[in-house]
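Close look at the chain arrangement
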Protein chains: 2
Amino acid sequence: MLEQNAITEEQKQIARLAKALGHPIRIAILEMLSNQACCYHGDMSQVLPIAKSTLSQHLHELKEAGFIQGTITPPSVKYCINAENMAQADKLFHKLLSGKISLQCKTNE
Amino acid sequence: MLEQNAITEEQKQIARLAKALGHPIRIAILEMLSNQACCYHGDMSQVLPIAKSTLSQHLHELKEAGFIQGTITPPSVKYCINAENMAQADKLFHKLLSGKISLQCKTNE
DNA sequence: TTTATTATTCGCAAAAATACGAACAATTTT
DNA sequence: AAAATTGTTCGTATTTTTGCGAATAATAAA
């Protein structure tokens, strides 16, 4: 009987990042911010098919995960990409997804 | 008033993939498979701190998303990475996360 | 054929995510 | 000071995810 291996912190971190990306609206938000530098909440609200309060929640989650930053510019709020954290996430995903597989196996489905 | 933009299929696809990666156990599974070529359900079951039935569910989700493949080798089941789909996911995430941001903005938090 | 072995599916319970409108806060304009 | 503008937070309802053990299926071994 092998030991019940604990999940590593890095595995938890990757999962946390992936979870934050796990909703179409949040992907759309990131793409908007990537393409147009920065956006105001109001601008995104007009484009995305969700209520303003729901948008706030999604923005909060992306902020929590470190993907974006928000700046209050009264009376509106400007959001933009956190480029460093995006790059860091990119690295982590790449490390996982580009895994050098030592052996390739045949499957029947 | 701008149009209520629909979410693109690609955005949905990225979100789907990210969602499948959004759990520590599933990240651990992928890393095991990446490092040790292929694994049997039973082997993973002994290492991971979850019930066998729960493991089956996680494996099903990873399979559904295309990250892994399962082969029945009676009486056990062998799982392995779907390298092509992993690479494809890697590409999609990279495209999103490496976004060429045209303007960097200053923030106060 | 009966008994083991291995893994999935089922049925259920608990927790988390999603979404909305109303209420609230902060600032600007009138 | 009152009204308008912009976003967030609150309260709630619905759906989805997560997790388990029991039951089931499929095959191998006795």
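Reference entry: report on the structure contained in this document. A quick note: this is a predicted structure, and the numbers were derived from the prediction, not measured.

Cut-offs and rules
- Numbering of residues starts from 1 in every chain and runs along the sequence as written.
- Both sets of labels track the order of writing: A upward for chains, 1 upward for ligands.
- Only residues with pLDDT of 70 or above have their local features reported here, since the model is predicted, and side-chain atom pairs are shown and tallied only from 80 upward, although totals for entire chains, interfaces and linings are computed over all residues.
- By convention in this description, side-chain values take in all heavy atoms of the structure and omit both hydrogens and water.
- In this text, helices come from DSSP runs of H or I with a minimum length of four residues, and strands from runs of E with a minimum of two, each type numbered from the N-terminal end.
- Each helix should span, by expectation, one fewer than its residue count multiplied by 1.5 Å.
- Exposure is judged per residue with a 1.4 Å probe applied to protein chains only, and the accessible area is read against the type maximum: over 50% gives exposed, under 20% gives buried, and values in between give partly exposed.
- The reported arc concerns the directions from the helix axis to the C-beta atoms and nothing else.
- We call two residues in contact when some of their heavy atoms are within 4.5 Å.
- Proximity is defined per residue: if any heavy atom of the residue lies within 4 Å of a molecule or strand, that residue is considered near it.
- Polar contacts, as used here, are pairs of N or O atoms within 3.5 Å; protein pairs need one atom able to donate a hydrogen and one able to accept it. Residues neighboring in sequence count only if both atoms are side-chain atoms.
- Just to be clear on terms, a salt bridge is a Lys or Arg side-chain nitrogen sitting within 4 Å of an Asp or Glu carboxyl oxygen.
- Strands qualify as paired when DSSP identifies two bridges or more between them.

Let us look at helix H4 (residues 52-64) of chain A. Residues and elements named next belong to chain A. The first and last C-alpha atoms of H4 sit 18 Å apart over 13 residues, in line with the 18 Å expected at 1.5 Å per residue. Along H4, the positions that sit buried rather than exposed are Leu55, His58, Leu59 and Leu62. An end-on view of H4 places all buried positions within 100 degrees of arc, on one side of the element. Opposite the buried face of H4, at more than 90 degrees from it, the exposed residues are Ser53, Gln57 and Glu64. Packing partners of the buried residues in H4 comprise helix H1 (9-20), helix H2 (24-35), helix H3 (41-47), strand S2 (68-73) and strand S3 (76-81). Remark: glycine 66 follows H4 within two positions and exhibits a positive phi of approximately 95 degrees.

Before going further, it helps to examine the protein's contact with DNA strand C. Residues in close proximity to DNA strand C total 20 residues, the closest being A:Ala51, A:His58, B:His41, B:Ser56 and B:Tyr79. Of all DNA strand C atoms lying within 4 Å of any protein atom, the proportion belonging to sugar or phosphate reaches 69%. At 3.2 Å, a side-chain N or O of A:Lys19 approaches a phosphate oxygen of DNA strand C. Contact between DNA strand C and A:Arg26: a phosphate oxygen at 3.1 Å from a side-chain N or O atom of the residue. Of all the secondary structure elements, the ones that give two or more residues to the surface near DNA strand C are H4 of chain A together with helix H3 (41-47), helix H4 (52-64) and strand S3 (76-81) of chain B. With five residues, the top contributor of residues to the surface near DNA strand C is H4(A).

As a further point, take the side chain of B:Gln11. Considering the arrangement of structural elements, one finds B:Gln11 in helix H1 (residues 9-20). What makes B:Gln11 buried here is its relative accessible area of 8%. For B:Gln11, the residues in contact, after removing those within four places along its chain, are A:Pro24, A:Ile27, A:Ala28 and A:Glu31.

Right, let's talk about the pattern of salt bridges for a bit. Oppositely charged side chains may form a pair once their charged atoms are brought near each other. All names here are of chain A. Across all of its chains, the model carries six salt bridges over all chains by this definition. Lysine 12 is the partner of glutamate 9 in a salt bridge, and the nearest nitrogen-oxygen pair spans 3.3 Å. Here glutamate 9 pairs with lysine 12, and both are found in helix H1, just three residues apart, close to one helical turn. Under the relative-accessibility criterion, lysine 12 is labelled partly exposed at 33%.

Each regular strand shows side chains that alternate between the opposite faces of the sheet. Residue and element names in this part refer to chain A. The pairing of S2 with S3 spans six bridges and is antiparallel. Bridging from a neighbouring strand, threonine 73 pairs with serine 76 of S3. Turn length for the S2-S3 hairpin, with the two strands adjacent in sequence and antiparallel, is two residues.

Distances and angles like these do not, on their own, reveal function.
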